[in-house]
Amino acid sequence: LFRRRRALPPLPLTWRRRAGGGGPGPRWDVLVIGGGHAGTEAAAAAARSGARTLLLTHKADTIGQMSCNPSFGGIGKGHLVREVDALDGLCARICDQSGIHYKVLNRRKGSAVWGLRAQIDRKLYKENMQKEILNTPLLTVHEASVEDLLLTEPEPEHPGKCQVSGVILGDGSRVHAGSVILTTGTFLRGMVLIGLEMHPAGRLGDQPSIGLAQTLEKLGFVVGRLKTGTPPRLAKDSIDFSIMERHKADNPPVPFSFLSEAVWIKPEDQLLCYLTHSNAKVKQIIYDNLHLNNHVQETTRGPRYCPSLESKVLRFPNGIHQLWLEPEGLDSNVIYPQGMSMTLPPELQEQVIACIRGLEKAKMVQPGYGVQYDFLDPRQLSASLESRLVQRLFFAGQINGTTGYEEAAAQGVVAGINASLRVRGKPPFIISRTEGYIGVLIDDLTTQGTNEPYRMFTSRVEFRMSLRPDNADSRLTLRGFEEAGCVSQERYEQTSRMKAALEEGIAVLKSLQFSGTKWSKLIPEACIATSRSSPASALDILRHSQVTMEHLARAVPEPLRKFAEWRELAERLKIEAMYEWHVNIQQAEIEEVRRDEALQLPEDLDYFTINASLSQEVREKLNSSRPQTIGAVSRIPGITPAAIINLLRFVKTNR
Ligand code: FAD
């Protein structure tokens, strides 16, 4: 890796001359600031879609670094990883080359809300990500600190706005670009806190970014302050796992990427995770020492979605909190205690650890700490993630108020694609709420903003029956290829083949119709309870929980055998059958809104009292906008599709 980094092509001559100031630098199509999870995806996506891209980051060695948890995916987040993969993004494939414990969460619920998740070997992930980034055609990586933005006159069609044209580096040199993407994570005026101590840092051991924070402020961007934290790390060989609950990985593991037939690790070589719990002694230490904890106080408890142990104890004083012990790597002696994020002084963190079952003799190898940082109010961005204030300036990742690698990666792909399209003068690539979790994430951020780190959940998604992890490729890959050019030919062909096979399979299953009695005889082991005389299609029968494509193919080999023999296709047909009914209803709702776009809304409608299922926030927005038609409602930022359909139905039944 390091050999490869040294072997990078020398900086273009014009740029080298520029070091120290004066004269024009080279011009890149897209310039990405920050090599974290958003920045790597943004840079790779821009390069894949044809832009000459420069990734500028503090240290090339931290590309692919997981600042906090050694895991990817989870409920809602797994969907994002699949969608990033559908757009040919990197993180899903890199996870499949680095995972050490795969588990699908929410298995007992329907596959629409399954949460693909894996523990990741930190070291491997970083190595594999760096290999990938350094081998991406059209992408160059350079270590530098970006201190300021270069601005020029606005484009005539957008009067009043200024336009970014490049950046100024720490050494004063200038780099020019068609579009710039800011992905600086927690680094803008970052401040690390442990106990009563605080010092400027983007994360432990990394310098903060001050110059850029000042630039954004000067330009008039609204910025806020957020906080997050990370747990202490423990030495594996000092933990008594024998008295903890063991959790095995899935066998076989479910890969993240549509391109991975299997993951790199053998199922039997996957590592275990363990579960232990907090207790009354932990609570006491936390309460007794709140005066020594600058990051978490009774009134400022910190983030809701990756809360510290202290804030969980303050919020739920009678709760016993789960603490998961997760491996950091195959050959690592470090354990990540998930759920134990702390900012007490280190000696008190050791006391907390020592009173937890199984951790009585555990050695702390690094204390937990908190970080506070500036973030940009994402309502200043459009759905393409371009800023409304400065043309051609895009923002992605934690800087937009999100938390998590997956949310960062998802925004990175979208910003990278759009920064590249912008340079080529092409229309933006927008994913709607009805097309993907990425669409929901970006719509929520850009229309509603956030006042605490935003985390993805399935509950945020109105059309979750259609937006499943299994069909992210059908939803996004072809669009990514045709409209953004960010998808490889190989992936495009694979998805097209699968899409055609699914359509053919569903049509064939629908066309095979027998009476209930005949189906019961054909597949006796499934105990099909269907009306004896009325005909049912093979697709209806596949909806029964016990029936698989193999059953159907044994019963009716021709024409079903070929669909059952293709294992992945058979699994996807089963899921399609299970969700067909829900998806049809949702599709009908989408069509209903489209059909009734011109429907006039009564001028005297009192949005605060009408008997329709609308949130208070939606009622307020409708009342202040007073839209004239349903079409106009759908264009109000922050009005969800579910709210539109509920309002539409109310108006239709009450006119
Ligand atoms: P980052 O991964 O932070 O990357 C930012 C990159 O930008 C860095 O490489 C940095 O060097 C570079 N950079 C910054 N400024 C400049 C500049 N001026 N010039 C050049 N390069 C620059 N997520 C969770 O989901 N759960 C958690 O519990 C959690 N806890 C966290 C605790 C801590 C202490 C930290 C630091 C993060 C935590 N996260 C957590 C967040 C998770 O790490 C981020 O969401 C994710 O890494 C964000 O990705 P990003 O690309 O936006 O930023």
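What counts, and where the lines are drawn
- Residues numbered from 1 in each chain as written.
- Predicted model: local features only at pLDDT ≥ 70, side-chain atom pairs only at ≥ 80, totals over all residues.
- UniProt positions renumbered as here; feature names shortened; annotations may be inferred.
- Helix = DSSP H or I, 4+ residues; strand = E, 2+ residues; numbered from the N terminus.
- Rg over C-alpha atoms; globule rule 2.2 N^0.38 Å.
- Buried ≥ 20, exposed ≤ 12 C-beta atoms within 10 Å, placed from the backbone.
- Contact = placed C-beta atoms within 7 Å.
- Arc of directions from axis to C-beta.
- Axes fitted to C-alpha atoms, helices over the stretch in contact; angles between N-to-C directions.
- Parallel < 35°, antiparallel > 145°, perpendicular 65-115°, else oblique.
- Left-handed = near helix turned anticlockwise from the far one by under 90°.
- Nonpolar A, V, L, I, M, F, W, Y, C, P; charged D, E, K, R; others polar.
- Near = placed C-beta within 6 Å.
- Core = buried A, V, L, I, M, F, W, Y, C linked by C-beta atoms within 7 Å.
- Pairing = 2+ DSSP bridges.
- pLDDT = per-residue confidence, 0-100.
- Expected span 1.5 Å × (residues − 1).

- In the annotation of an unreviewed UniProt entry, the protein chain is listed under the name 5-taurinomethyluridine-[tRNA] synthase subunit MTO1, mitochondrial and assigned to Pelusios castaneus.
- Turning to the protein chain, the UniProt annotation filed under Catalytic activity (unreviewed entry) states: "5,10-methylenetetrahydrofolate + uridine(34) in tRNA + taurine + GTP + A + H2O = 5-taurinomethyluridine(34) in tRNA + 7,8-dihydrofolate + GDP + AH2 + phosphate + H(+)".

1. Observations concerning the overall build of the protein chain
Logical step 1: Scanning the protein chain from terminus to terminus reveals 22 helices and 23 strands.
Logical step 2: Its C-alpha atoms give the protein chain a radius of gyration of 26 Å, near enough to 26 Å, the size a compact globule of 655 residues would have.
Logical step 3: The 655 residues of the protein chain split such that 48% are buried.
Logical step 4: Counting only contacts in the protein chain whose residues sit at least 6 apart along the sequence, the fraction spanning at least 24 positions is 71%.

2. Concerning helix 10 (residues 346-354)
Logical step 1: Every buried residue of helix 10 is accounted for by Gln349, Val352 and Ile353. Viewed end-on, helix 10 has its buried residues packed into an arc of 100 degrees, placing them on one side of the element.
Logical step 2: Looking at the packing, one finds that the buried side of helix 10 touches strand 13 (233-235), helix 8 (280-288) and strand 18 (364-366).

3. Structural notes on the packing of helix 4 (residues 77-86) against helix 11 (residues 405-423)
Logical step 1: Two elements in contact, helix 4 and helix 11, have axes whose closest approach is 9 Å; the angle formed by their N-to-C orientations is 30 degrees. With respect to each other, helix 4 and helix 11 are oriented roughly parallel. As helix 4 runs across helix 11, the sense of the crossing is left-handed. Counting all contacts with helix 4, which are made through Lys77, Leu80, Val81, Glu83 and Val84, the residues of helix 11 involved are Glu406, Glu407, Ala409, Ala410 and Val413.
Logical step 2: Partitioned by chemical class, the residues of the contact of helix 4 with helix 11 number six nonpolar, no polar and four charged.

4. Observations regarding the site of the ligand
Logical step 1: Around the ligand sit 38 residues in total, of which Gly34, Gly36, Gly185, Cys306 and Gly397 are the nearest.
Logical step 2: Considering only residue class, the shell around the ligand consists of eleven nonpolar, 25 polar and two charged.

5. Notes on the environment of Ala564
Logical step 1: With respect to the element layout, Ala564 can be found in helix 18 (residues 557-565).
Logical step 2: Accessibility expressed as a C-beta count within 10 Å gives 19 for Ala564, which makes it partly exposed.
Logical step 3: Leave out the neighbours within four places in its chain, and Ala564 touches Met549, Glu550, Leu552, Ala553 and Ala570.

6. Considerations on the nonpolar core
Looking at soluble globular proteins, one finds that nonpolar side chains tend to be buried together.
Logical step 1: With 111 residues, the main nonpolar core has Val30, Leu31, Val32, Cys91, Val180 and Ile181 as its most contacted residues.
Logical step 2: Tallying contributions element by element places helix 11 first for this core, with eleven residues.
Logical step 3: When near neighbours in sequence (up to four residues on either side) are disregarded, Cys91 contacts His37, Glu41, Phe72, Val81, Val84, Tyr405 and Ala409.
Logical step 4: One finds Ile239, Val313, Met342 and Met364 within the second-largest nonpolar core, a separate group that totals 24 residues.

7. Considering the packing of helix 19 (residues 567-595) against helix 22 (residues 641-653)
Logical step 1: Packing of helix 19 against helix 22 brings their axes to within 10 Å, and their N-to-C directions diverge by 60 degrees. Classed by the angle they form, the pair helix 19 and helix 22 counts as oblique. The element helix 19 and its partner helix 22 pack so that their crossing is left-handed. Packed against helix 19, whose contacting residues are Glu589, Glu592 and Val593, the element helix 22 presents Ile644, Ile645 and Leu648 at the interface.
Logical step 2: When the residues that make up the contact of helix 19 with helix 22 are grouped by side-chain class, the tally is four nonpolar, no polar and two charged.

8. Here's the deal with the sheet that holds strand 3 (residues 71-73)
Logical step 1: In spatial order, the strands read 3-5-4; together these three strands make up an open sheet with antiparallel pairing. In this open sheet, the two strands that pair with only one neighbour each are strand 3 and strand 4 (99-105). Put simply, the sheet's adjacent strands are angled 20 degrees from each other on average, direction ignored.

9. Some words on the sheet that holds strand 13
Logical step 1: Reading across from one edge, 14-15-16-17-13-18 is the order of the six strands in this open sheet, with antiparallel pairing throughout. A single partner strand is all that each edge strand has here, and the edge strands are strand 14 (245-247) and strand 18. Looking at each pair of strands side by side, their axes are set apart by 35 degrees on average, direction ignored.
Logical step 2: Alignment of strand 13 against strand 17 (residues 334-338), held across two bridges, turns out to be antiparallel. Note that in strand 17 the partner of Leu234 across the bridge is Ile335.

10. Focus on the pairing of strand 4
Logical step 1: Most of strand 4 is tucked away, with five of its seven residues classed as buried.
Logical step 2: As paired elements, strand 4 and strand 5 (residues 115-120) share six bridges and run antiparallel to each other. From the neighbouring strand, His101 faces strand 5, where its bridge partner is Gln119.

11. As for the confidence of the model for the protein chain
Logical step 1: Summing up the model confidence of the protein chain, the mean pLDDT is 91 and the portion of residues at 70 or higher is 94%.
Logical step 2: Among the scores for the predicted complex, ipTM is 0.96 and pTM is 0.90.

12. Thoughts on unusual backbone geometry
Logical step 1: In this structure, the amide linkage connecting Asn251 to the following residue, Pro252, adopts the cis form with an omega of 5 degrees.
Logical step 2: Structurally, Pro252 can be placed in the loop between strand 14 and strand 15 (273-277).
Logical step 3: A cis amide bond links Glu558 to the next residue, Pro559, at an omega of 15 degrees.
Logical step 4: Tracing the backbone shows Pro559 in helix 18.
Logical step 5: We note that Asp88 has phi near 70 degrees; this positive angle belongs to a residue other than glycine.
Logical step 6: Within the secondary structure layout, Asp88 lies in the loop between helix 4 and helix 5 (91-96).
Logical step 7: We classify Asp88 as buried; it has 27 C-beta atoms within 10 Å.

13. Comments concerning helix 6 (residues 122-134)
Logical step 1: Helix length check: helix 6, at 13 residues, gives a terminal C-alpha distance of 18 Å against a target of 18 Å (1.5 Å per residue), a fit within 8%.
Logical step 2: When we look at burial in helix 6, the residues that qualify are Arg122, Leu124, Tyr125, Lys126, Asn128, Met129, Gln130 and Ile133.
Logical step 3: Tucked into the core, helix 6 has its buried residues touching helix 3 (37-48), helix 5, strand 5 and strand 6 (139-143).

14. Concerning the environment of Val313
Logical step 1: If you trace the backbone, Val313 turns up in helix 9 (residues 309-315).
Logical step 2: Excluding its chain neighbours within four sequence positions, the residues that come into contact with Val313 are Lys283 and Ile286.

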